[in-house]
Amino acid sequence: MVGLKEELLKSIWHAFTALDLDRSGKVSKSQLKVLSHNLCTVLNVPHDPVALEEHFRDDDEGPVSNQGYMPYLNKFILEKVQGNFDKVEFNRMCWTLCAKKNLSKSPLLISDEDAFKVWVIFNFLSEDKYPLIIVPEEIEYLLKKITEAMGAGWQQEQFDHYKIALNTSREGLSAWELIDLIGSGQFSKGMDRQTVSMAINEVFNELILDVLKQGYLLKKGHKRKNWMERWFVLKPNIISYYVSEDLKDKKGDIILDGNCCVEALPDKDGKKCLFLIKCLDKTFEISASDKKKKQEWIQAIQSTVNLLRAGSPPPHKEARQKRKELRQKLLAEQEELERQMKELQAANENKQKELETVRKQLEAAAARAAEEEKKRLQTQVELQDRFSLELEREKMVRQKMEEQVAQKSSELEQYLQRVRELEEMYKQLQEALEDEKQARQDEETVRKLQARLLEEETAKRAELEKWHLQQQQTIQMTEAEKQELENQRMMKEQALQVAMEQLKQLELERKEALEQYEEVKKKLETAANNTKSWKDKVAHHEGLIRLIEPGSKNPHLITNWGPAAFTEAELEERQRSWKGKKATSE
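Residues numbered from 1 in each chain as written. Predicted model: local features only at pLDDT ≥ 70, side-chain atom pairs only at ≥ 80, totals over all residues. Heavy atoms only, no water.

A. Local environment of the overall build of the protein chain. Regarding its fold elements, the protein chain presents 15 helices and 9 strands. Counting every position in the protein chain, which comprises 586 residues, the buried fraction comes to 31%. Residue pairs at least 24 apart in sequence account for 62% of intrachain contacts in the protein chain once pairs closer than 6 positions are excluded. Total accessible area computed for the protein chain in this model is approximately 38,600 Å², and 52% of it derives from carbon and sulfur atoms. (Helix = DSSP H or I, 4+ residues; strand = E, 2+ residues; numbered from the N terminus. Buried < 20%, exposed > 50% of the residue type's maximum accessible area, 1.4 Å probe, protein only. Contact = heavy atoms within 4.5 Å. Areas by Shrake-Rupley, 256 points an atom, 1.4 Å probe, with all protein chains shown as cover.)

Here you go:
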């Protein structure tokens, strides 16, 4: 009943939208009453004048408007429809109300009756949304059916061009635009009006009247057993047969259900191409004009029975439903694709914004880096200028200092020359003696230092020998203690390295001491020579000065590093001390 209600609403919508509006922009109550009364009449629904008057009472808030009529239409008319009405009569009533106002005034190649049938087909194929339109896919389906019914070839390329032009401007066509398209003959060129009319009528019978097949057949009577030619019309649940194809004189019906069957019969009694239709209460013998028509009728009736058994709708309605579901699926996929595209576009825009932000950050960083580089270069130039100035200033100061030093050196040299000339002979002799005494003191100090270094060197050598023996013993220990001893060995080697460095340092200090000793010795010799020179001078001048000897005439001990600073007895004492220390360490 829901599908029937939708089909009825489409025709009623055309009739309702064709009603005239009053000054307030509403449909007058009298027109709605007339429309409601006519609908109740053609739909075989009991008319309720009281409910009509109550629903359309005269007040400012009464539902005398496009929206207010729908509750009444659903409650008091459409919900009471039982299906026992003439669909063609119902559609013709709605067509009468809307055709005069909307039908094109330009001449068409089809009659008003054909235009009415196209209008009814439009309501069947249009989308279930208002205002009603028929989409290009359904237009192509209808035009193909009409072209096929005319026996002409389908011009796909021509329709593709028309479809492209249509899609650029709108989603589909209204009923009146579809009538103009078919009536213009754009897709039926070369066909006369009668051929087009017959094709429209055939498509109307199939889609609207549910005529699955029709044609002349011979039927055997049940009483007289004679064969009469009848016009048979096959519908989803019934086969009606008439005297002629004008359908005015109906002779009977064959009610079809899931229990019916159709069988081919052999030729008999001079009749060929026989087949049998078995129902629960009756059996019908039918004869076709040829084998082809016989096979077509058998297949058509059997397909109809199979649909009844399966509870499926007629093929054209099932095909229409599949096309709608396919369009809805494609629309959903398109909407999903558009949603995904929007999401991708939004994500792309976000990425673009992020990239723009990063680019701006990079530009800002580059600008800061350029500014910092500029400041660095400027600072470097300033520092170079400052260093250049300071270097020039330093050069000038050094030059002045060198000049002053040269001058002072010259003055000092002259002063020293005068001092040397003016010094008294005895003062010079006293200074020479003091130098000799100081030289002897320095020699004694160096000798003591050398002895101390030798003692330390001996102690270090003894300690090194001890560490060497311990290291040899450590190597012979067991493998379990090897790691710990290895660590101790490394520590001792480090200590040995430190001792070696200290030994080297002592060697260096000894060499320095020897150098100091040589220097002191040279000073002593110089002082002795000076003394001898002054002694000669004094003896020559005065002959009264006693010669001063530089030291003891006893023989000195000589070591590997030069004259020793100790006597033989002191050396023996030191050797005994070293041997004692060595024994203790061992």
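B. Fine view of the pairing of strand 2 (residues 227-235). Summarising the sheet, strand 1 (residues 213-220) and strand 2 pair through 8 bridges and their orientation is antiparallel. For L218, the partnering residue across the bridge sits in strand 2 and is E229. Remark: 6 residues form the turn of the hairpin made by strand 1 and strand 2, two consecutive strands paired antiparallel; K225 in that turn has positive phi of roughly 60°. Where strand 2 and strand 3 (residues 238-242) come together, 5 bridges link them in antiparallel fashion. The residue bridging L234 from the neighbouring strand is I239, located in strand 3. Counting the residues between successive antiparallel strands, the hairpin from strand 2 to strand 3 contains 2 residues. (Pairing = 2+ DSSP bridges.)

C. Geometry of the environment of C40. Examined against the element boundaries, C40 turns out to sit in helix 2 (residues 29-42). Accessibility expressed as a relative area gives 4% for C40, which makes it buried. Sequence separation between C40 and V81 is 41 residues; the distance between their C-alpha atoms is 9.0 Å. What C40 contacts, discounting residues up to four positions off in sequence, is V45, P46, H47 and I77.

D. Quick look at the nonpolar core. Grouped together as the largest cluster of nonpolar side chains are 67 residues, with contacts concentrated most on L39, L43, Y69, F90, W95, W119 and I179. With 9 residues, the single largest contributor to this core is helix 6 (residues 112-125). The contact partners of W95, leaving out residues within four places of it in the chain, are L103, D112, A115, F116, W119, W176 and I179. Core analysis: the second largest hydrophobic core is formed by 21 residues, F232, Y241, I286 and V305 among them. (Core = buried A, V, L, I, M, F, W, Y, C linked by side-chain atoms within 4.5 Å.)

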